[in-house]
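# Structural features, examined
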Amino acid sequence: MNDVAPLGFDEALEKYEPVLGFEVHVELNTKSKMFSSAPNAFGDEANTNVNEVDLGLPGTLPVVNGKAVESAIRLGLALNCSIAEYCRFARKQYFYPDLPKNWQTSQYDEPIAFDGWLDVELDDGEIFRVEIERAHMEEDAGKLTHAGASGRIQGADYSLVDYNRTGVPLIEIVTKPITGAAGRAPEIARAYVAAVRDLVKALDISDAKMEHGNVRCDANVSLMPRGAETFGTRSETKNVNSMRAVEHAVNYEIRRHAAVLEAGGSIVQETRHWQETSRTTSSGRPKSDADDYRYFPEPDLVPMVTTPEWIDQLKGTLPEPPAERRRRLRTAWDYADKEFRDVVAADLLDEIEETVAQGASPAVARKWWMGEISRLANARGAEPVELGVQPATIVELNQLIEDGRINDKIARQVLEHHLDGQGSPAEIVSDRGLEVVSDDGALTAAVEKAMEENPDVVEKVQGGKLKAIGALIGPVMKETKGQADAGRVREIVLEKLGIED
Amino acid sequence: MTVDSNPIIRLTAAEMASKLQSGEITSVELTRAHLDRIAEVEPTLHAFLHVNADEALEVAAEVDRARAAGGQEAEKLHLLAGVPIAVKDLIVTKGQPTTAASKMLEGWMSPYDATVIEKIREAKLPILGKTNLDEFAMGSSTEHSAYGITRNPWDTSRIPGGSGGGSAAAVAAFEAPLALGTDTGGSIREPAAFTGTVGTKPTYGGVSRYGAIAMASSLDQIGPCARTVQDAALLHELIGGHDPKDSTSLPDEVGEFAKAASTHDVAGKRIGVIRQLSHGEGYEQGVLDAFSSSLGSLREAGAEIVEVDCPSFDYALGAYYLIMPSEASSNLARYDGVRYGTRVLPEEGPLTIERVMAATRAAGFGEEVKRRIVLGTYALSAGYYDAYYGSAQKIRTLIQRDFDRAFEQADVLICPTAPTVPFKLGEKMDDPLSMYLNDIATIPANLAGIPGISVPAGLSGGLPVGIQFLAPAREDIRAYHAAGALEHLLGEKGEAIWQQIPELEEVK
C-alpha cells in the first residue's frame, strides 16, 4: 500500500490540507565543544578533535560552554522567544555507536527558549509567519561511515566512527505545526530553512553551511482531508541538507501521502531518508510517540539561571533582522531584482555592503564580487569569501582604474597577483610597471607602427568604417604589453587621419 | 604472620610525615615497608587489584632526593610528600589499570588522571596500587568484585564492608596509611566502620568527582580513608577544592580540617542523636552499647546530647534504591564493547552492533550490576518515571528538610555508621535486600549532600563498631571537630581501635 506512485501535486492539494513541522539543527561555531574544551572544527583528520570527555571515557564529566549558552539565548531572542529563567540539561538515552556515552545530553522539558515566531518572506514578497515551539541546546553525535555495498548501516561489513563532531554544540529549533500553507507548503519549507540559515549567519553563531551539515533540517509532513481538524499521521524526513532539497522533500511527501491515502492506505509514522538523485524519500525506522528515551535531569550539570540583566545585554547584541536588512539594501543599491537575488544566492551581501561602505559604488562593488572574484573563487574551488579579498582592496583597485592608471584588464591581473600574495594593488602596479602608457610619444610611435603594418585597416577607417579602429588597437596593445589606454589610442588614430569623431 | 614486620607501618600518616621531614626515615624505606607488608598479607586479604611497586618507589626516591637537596626544593614539598597511598580502583589513573572491579574494564588503562590523582601526584605521595571494590561500587561487602573477594583483617571469615572494602582493609591491615575511596551510599563510611578505620564522605562537591567512574552522579563522592581523624583530615585537605572540570564542584576554599580534628573540645557543643538511626530492628546490641558508651564519653566531656527527629528517613532507603540505580543504568550505558574494555562476540548468529553489545554486557557485567541496571531502566521508563524516580526525588527533598530542621537543634548529628558489625562472607549474597539494609544510616547523607565521618568507637564481640558524625553541607569542619574529639576521648581511655588489630590468620 505504501508503494503506490505519488499523486500529482495539484491533485493532492485539491483533496488534502498539508500540515508541516520542522526541526532545524544548527551547529554553533564556538571555538570549543558543548561540554568539553576540545576544538570545534570541521574537516580535520578523523578523531583528532576529541578528548576524554568527547569520547565519554569512564570518569569524565561535562562542563557547559558559556559561549554556546549565549548563542542559544541570542538565537532565542531573534526568534522572538521567551527565555527560560531557569533550565536544565537532560539525558536522552539511546544506543548508537556514534554516541559515546550512549546518551545525548540535551534539553527536554526545560528548553532555554520557547514560544516564538519567525516571519518568512516568500518569493512574491508575501510574509508567512512560522510559530516556534522551542529552541533547545544539545550536543552533536559523531559521524559513521558504513563500509559495504549500500553505504547504509544495514548490511554494512563494518562501520568507521569519527568522533570529531561528537559534542559539537547544537541548537535545535522546533516549530509548532504549520497549517494554512496549502499549495505553498514546499516554498514555505524552503523559505523557512533559508530564513533560519540567514538568521544564524547574521547572528554569527554558526558557519551556516548546509553542505557541511552546519544547518540540517528534519521535515515533518502530514495530510488531513480538506475541512478536517485532526492532523494526519506524520512522516519525518531526516537531515535534509539543502534548501532546494527541503522544498522537493516536502513536495514529494505531500504527493506520496496523498497517493497512499487515496489508495485507502494509512501513513506509517516513521523517519524517512531523502534521496537526492531520485528526489524521493525512502523508509527509515518506525518512530512512535512512545519512543522511550528515559529522559532524566543530567545530574553532572547544575541548572542554568539566566538573569534579566544578562538577557538585556544580549538583546543589545542582536543584528538587524536579515529580511529587513535585505529590503534596506535592495532599495539602497538599486539593483535589478535578478541581480539582487544572485547576490543573496552567492552569499555576498556582507562583502558588497562593506565595499560600498568603504567608498565603491554599489554597481562597482557588485561587478567585482559577482564577476572576477566569483570567477577566481570558482577556478580555485572555493567560496568567494574564502579567497580573503578585503573590501578595501576592491576600493583601491577601482580607484586605480578611475584615476586612469590601469585599465580593466590590467586590474583583473592585479587582483590575481594580489591573491597570490604579491602586495596591495598599488604596490603590484608600481612593482610590475603595469601603469597605462599615457606618454603620447610612445603611444604615437606604436600607433604609427600599427598603421604602417595594416594599410588595409587604415583604408577602411578612412572610408568611414570607424569600428575598424579596433583592429589597430590590438597591435598597439601588443606593442605596449597591454598597458595602453584604448580610448587614447583611438583618439590618436583619428587625429592622425584627421577624422572628426 | 606478624604485623610488626617493620614497625614504621604502624605509625599514623601524620607521624610518618613528621619522621620524613625530620629525616628519621626515608620515603623509599617507608614505601618499601608497605610493599613488604602488602606482599606478606595480600595472599590472605586481597585488598589490592594491582600493585605498582616500581612507580611507588620511583616517586618515593624523588621525594627523598628533593628532601636531601634541601633548600627551596625541600621546602616546596607537600606535608604528606613521601607518605604512600592506595587508591580505590574506581578512580582513574594513568599508568596503572583501572577496572572498577569489573570484567567490563579488564585491561583498560585510562589515558587521563582523575583530578584527585593529579593532586596526589603533584604532592608526591607514592601510589602503591589500586584497591578492590564491589563491581562498579555496587555492594556493601566487596564480594561483588569480578576479581575475587577482600577479607576483613579483624576476622578473615568476614567481609570488610563495601564497596570500598579494599581501601578500608588495606588501611586497617597497615598495607597503606592512607587510601582514597568513593561514597555513594556509604561506601567509604561503612567499610571504615567494619575495619576500625576512619572514613569521610565530604560535602557533595567538596572534592572533584572528575575521574571517579560514575555509579550515581548525584550521590557519588570521593573521600579519604585513614586510621585517624587527623590523617583523614590531612588527606581531605589535599584532595579537596574547586575543580573547573566538575560542574558540581563547589567554589569554596578547602577548610582547615586537620586543625579542627586536633581541637578535641566538645564542651557546650550540641550533638543530635537521630531517633530513627539509633535503635530498632536490625541494630545489634553490641553496636548500640558502643554507641551509648560513646555518647557517655561525649557527655562527660561537656557536650549536650539532644535527640532529633528525622521522620522522612524511613523512606530514605527506598528513595536511594530508585535514584541510585536510575543514574547507574544511565552511567553504565557506555560499556558496550564498542570503544574500549571487553568486547564479547555472540557465539552464533549474525554479528550486529546490538548483538555484540548484548553479548558483551551479558558476559562483562556481574549479577548485582545487572540487577541495578534493570531496576534503574525500569524506574526511568516512560509511564513509571513519576511513580518511581519522581517520587524518590521528592523524598530526597524531604530528607534534606529533615536535616535542615535537625541542624537547627544540633551542631552535628550522631548515629552508628552501620546497624551491625561485619557479617560473614557469603552470608547475605543471596539476599540483596538485607544487604541494602546495611546502608540505612549512611544513605541519608548522600541524598542530602552533607558530609559524614565514621570513627571507630569500640568493639562488639571483638569486631569494630563505627560511629558516624554528620554535619550540614559545607560544614565538614564540624564533623572533623566532633570526630576528632570522640577519637581523642576514646584514646585517653585506651580504646583507640585501629591499634588493636589482631594477627591475620592464614586462610586456605
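Heads up: the structure comes first, above all this text.
For the structure given in this document, a descriptive report is provided here. (Residues numbered from 1 in each chain as written. Chains lettered and ligands numbered in written order. Predicted model: local features only at pLDDT ≥ 70, side-chain atom pairs only at ≥ 80, totals over all residues. Heavy atoms only, no water.)

### Concerning the overall build of chain A
- Regarding its fold elements, chain A presents 16 helices and 16 strands.
- Its C-alpha radius of gyration of 30 Å places chain A more than 25% over the 23 Å reference for a compact globule of 501 residues.
- Taking the principal axes of its C-alpha atoms as reference, chain A extends roughly 90 × 55 × 50 Å.
- Out of the 501 residues belonging to chain A, those deemed buried represent 50%.
- Counting contacts in chain A only where the partners sit at least 6 residues apart, residues at least 24 apart contribute 69% of the total.
- Accessible surface, chain A: about 23000 Å² in total, of which carbon and sulfur atoms supply 48%.
- On chain A, the mean spot of the 57 positive side-chain charges and the mean spot of the 86 negative ones are 3 Å from each other. (Helix = DSSP H or I, 4+ residues; strand = E, 2+ residues; numbered from the N terminus. Rg over C-alpha atoms; globule rule 2.2 N^0.38 Å. Buried < 20%, exposed > 50% of the residue type's maximum accessible area, 1.4 Å probe, protein only. Contact = heavy atoms within 4.5 Å. Areas by Shrake-Rupley, 256 points an atom, 1.4 Å probe, with all protein chains shown as cover. Lys, Arg positive; Asp, Glu negative; His and termini not counted. Charge placed at Lys NZ, Arg CZ, Asp CG, Glu CD.)

### A closer look at the overall build of chain B
- Helix and strand counts for chain B stand at 17 helices and eleven strands.
- In terms of overall size, chain B behaves like a compact globule, its C-alpha atoms giving a radius of gyration of 22 Å where 508 residues would be expected to give roughly 23 Å.
- Considered along the principal axes of its C-alpha atoms, chain B spans approximately 65 × 50 × 50 Å.
- Residues classed as buried in chain B amount to 64% of the 508 residues present.
- The contacts of chain B with a sequence gap of at least 6 include a subset with a gap of at least 24, amounting to 76%.
- With an accessible surface of roughly 17100 Å², chain B has 51% of that area assigned to carbon and sulfur atoms.

### A look at the sheet that holds strand 10 (residues 452-460) of chain B
Residue and element names in this part refer to chain B.
- Ordered by their spatial adjacency, eleven strands build an open sheet running 1-3-2-4-6-5-10-11-9-7-8, and the pairing between neighbours is mixed. Every other strand in the sheet has two partners, leaving strand 1 (48-51) and strand 8 (304-308) as the edge strands with one partner each. Ignoring strand direction, the axes of neighbouring strands in this sheet form an average angle of 30°.
- Strand direction decides the pairing type here: strand 7 (residues 270-274) and strand 9 (residues 412-416), joined by three bridges, are parallel. Residue pairing in the sheet places isoleucine 271 in a bridge with valine 412 of strand 9.
- Sheet strands in contact with helix 6 (residues 165-172) are strand 1, strand 2 (85-88), strand 3 (127-131), strand 4 (178-182) and strand 6 (222-226), and its direction is about 160° off that of strand 4.
- Against the sheet, helix 17 (residues 476-492) contacts strand 5 (198-201), strand 6, strand 9, strand 10 and strand 11 (463-470), and its axis sits at roughly 20° relative to strand 10. (Pairing = 2+ DSSP bridges. Axes fitted to C-alpha atoms, helices over the stretch in contact; angles between N-to-C directions.)

### Considering the pattern of salt bridges
- A complete count under the given rule lists 63 salt bridges over all chains for this structure.
- For arginine 37 of chain B, the salt bridge is made with glutamate 40 of chain B, and the minimal N-O distance between the two is 3.7 Å. A residue pair is termed a helical-turn pair when its members lie 3 or 4 positions apart in one helix, as arginine 37 of chain B and glutamate 40 of chain B do in helix 2 (residues 27-45) at three residues.
- Linked through salt bridges whose partners overlap, the residues forming this network are Arg91, Glu298 and Asp300 of chain A together with Arg209 and Asp246 of chain B. (Salt bridge = Lys/Arg side-chain N within 4 Å of Asp/Glu carboxyl O.)

### What to know about helix 3 (residues 53-69) of chain B
Residues and elements named next belong to chain B.
- An ideal rise of 1.5 Å per residue puts 24 Å on 17 residues; helix 3 measures up with 24 Å between its terminal C-alpha atoms.
- Looking at helix 3, one finds that the buried residues are Glu55, Ala56, Leu57, Val59, Ala60, Val63, Asp64, Ala66 and Arg67.
- Its buried side turned inward, helix 3 meets helix 1 (13-22), helix 2, helix 4 (71-76), helix 5 (115-122) and strand 3.
- Following helix 3 by one or two positions, glycine 70 adopts a phi angle in the positive range, close to 70°. (Expected span 1.5 Å × (residues − 1).)

### Observations regarding the interface of chain A and chain B
- Taken together, the contact between chain A and chain B spans 31 residues of the former and 37 residues of the latter.
- Both sides together, the interface formed by chain A and chain B hides about 2700 Å², and carbon and sulfur atoms give 58% of it.
- Ranking the residues of chain A by area buried against chain B places Pro58, Leu61 and Arg294 of chain A at the top, with a combined share of 22%.
- Where aspartate 300 of chain A meets arginine 209 of chain B, a salt bridge forms, and the shortest distance between an N and an O atom there is 2.9 Å.
- In this structure, the connection of chain A to chain B is made through 17 residue pairs in polar contact (both at pLDDT 80 or more).
- At the level of secondary structure, the elements contributing two or more residues to the side of chain A that touches chain B comprise strand 4 (90-93) and strand 15 (296-297) of chain A.
- Counted by class, the side of chain A that touches chain B contains 20 nonpolar, five polar and six charged residues. (Buried area = accessible area lost by both parts, 1.4 Å probe. Polar contact = N/O pair within 3.5 Å; in protein donor to acceptor, adjacent residues only side chain to side chain. Nonpolar A, V, L, I, M, F, W, Y, C, P; charged D, E, K, R; others polar.)

### Remarks on the packing of helix 6 (residues 322-333) of chain A against helix 7 (residues 337-345) of chain A
Residues and elements named next belong to chain A.
- Their axes nearest at 11 Å, the elements helix 6 and helix 7 cross at an angle of 130°. Comparing the axis directions of helix 6 and helix 7 gives the class oblique. Here helix 6 and helix 7 pass one another in a crossing that is right-handed. Taken together, the residues of helix 7 that come into contact with helix 6 (itself represented by Arg326, Leu329, Arg330 and Trp333) are Asp337, Phe340 and Val344.
- The residue makeup of the contact of helix 6 with helix 7, split by class, is four nonpolar, no polar and three charged. (Parallel < 35°, antiparallel > 145°, perpendicular 65-115°, else oblique. Left-handed = near helix turned anticlockwise from the far one by under 90°.)

### Some points on the pairing of strand 3 of chain B
Residue and element names in this part refer to chain B.
- Where burial is concerned, most of strand 3 is hidden: five out of the five residues are buried.
- Of the strand pairs in this sheet, strand 1 and strand 3 are connected by three bridges, and their pairing is antiparallel. Opposite valine 51, over in strand 3, you have glycine 129 as the bridge partner.
- Two elements, strand 2 and strand 3, share four bridges in a ladder whose sense is parallel.

### Concerning the side chain of histidine 146 of chain A
All names here are of chain A.
- With respect to the element layout, histidine 146 can be found in strand 8 (residues 143-147).
- On the basis of relative accessible area, histidine 146 is assigned to the buried category, the value being 15%.
- Among the polar contacts made by the side chain of histidine 146, one reaches the side chain of serine 159 at a distance of 2.8 Å.

### Concerning the environment of phenylalanine 407 of chain B
All names here are of chain B.
- By the element assignment, phenylalanine 407 lies in helix 14 (residues 386-409).
- Through-space distance from the C-alpha of phenylalanine 407 to that of lysine 130 is 37 Å; in sequence the pair is 277 residues apart.
- Once you skip the residues sitting within four places of it in the chain, phenylalanine 407 turns out to touch Val412, Leu413, Ile450, Leu470, Ala471 and Pro472.

### Considering a nonpolar patch on the surface
- Together, Tyr378, Tyr384 and Tyr388 of chain B give the surface a local cluster of nonpolar side chains, amounting to about 280 Å² of exposed area.
- Position of tyrosine 384 of chain B relative to the elements: it lies in the loop between helix 13 (367-380) and helix 14. (Patch = residues over 30% accessible without salt bridge, like charges linked within 9 Å, V, L, I, M, F, W, Y side chains within 5 Å.)

### Let's talk about the state of the cysteines
- Taken as a whole and judged by the stated rule, the model has zero disulfides over all chains.
- Cysteine 81 of chain A provides the cysteine sulfur closest to cysteine 217 of chain A, a residue in no disulfide bond, and the two sulfurs are 17 Å apart.
- Cysteine 225 of chain B takes part in no disulfide bond, and the closest cysteine sulfur, belonging to cysteine 415 of chain B, lies 18 Å away.
- Given a relative accessible area of 6%, cysteine 225 of chain B falls into the buried group. (Disulfide = S-S within 2.5 Å.)

### Structural notes on helix 12 (residues 353-364) of chain B
Residue and element names in this part refer to chain B.
- The terminal C-alpha atoms of helix 12 lie 16 Å apart, and with twelve residues this matches the ideal 16 Å at 1.5 Å per residue to within 8%.
- Looking only at helix 12, the buried set comprises Val356, Met357, Ala359, Thr360, Arg361 and Gly364.
- The elements touched by buried residues of helix 12 are helix 13.

### Concerning the nonpolar core
- Phe136, Leu180 and Phe469 of chain B are the most contacted members of the largest nonpolar core, which totals 133 residues.
- Leave out the neighbours within four places in its chain, and phenylalanine 136 of chain B touches Leu90, Ala100, Ser102, Met104, Leu105, Ile213, Met215, Leu332, Tyr335, Phe365 and Val369 of chain B.
- Core analysis: the next-biggest nonpolar cluster, separate from the first, contains 72 residues, Val24, Ile112, Val196 and Leu203 of chain A among them. (Core = buried A, V, L, I, M, F, W, Y, C linked by side-chain atoms within 4.5 Å.)

### Here we look at the packing of aromatic side chains
- Applying the stated criterion to the full structure yields 24 aromatic pairs over all chains.
- Ring geometry for phenylalanine 22 of chain A against tyrosine 192 of chain A: centres 5.4 Å apart, planes inclined by 25°, an arrangement best described as stacked. Remark: tyrosine 192 of chain A occurs in helix 3 (residues 185-202) and phenylalanine 22 of chain A occurs in strand 1 (residues 16-27); sequence separation between them is 170 residues.
- Accessibility expressed as a relative area gives 1% for phenylalanine 22 of chain A, which makes it buried.
- With a centroid separation of 6.0 Å and 65° between ring planes, the pair formed by phenylalanine 136 of chain B and phenylalanine 365 of chain B is classed as edge-to-face. Taken together, the positions of phenylalanine 136 of chain B in the loop between strand 3 and helix 6 and phenylalanine 365 of chain B in the loop between helix 12 and helix 13 put the pair 229 residues apart, joining distant regions of the chain. A single burial state applies to phenylalanine 136 of chain B and to phenylalanine 365 of chain B, both of which are buried. (Phe/Tyr/Trp six-rings, centres within 6.5 Å; stacked < 30°, edge-to-face > 60°.)

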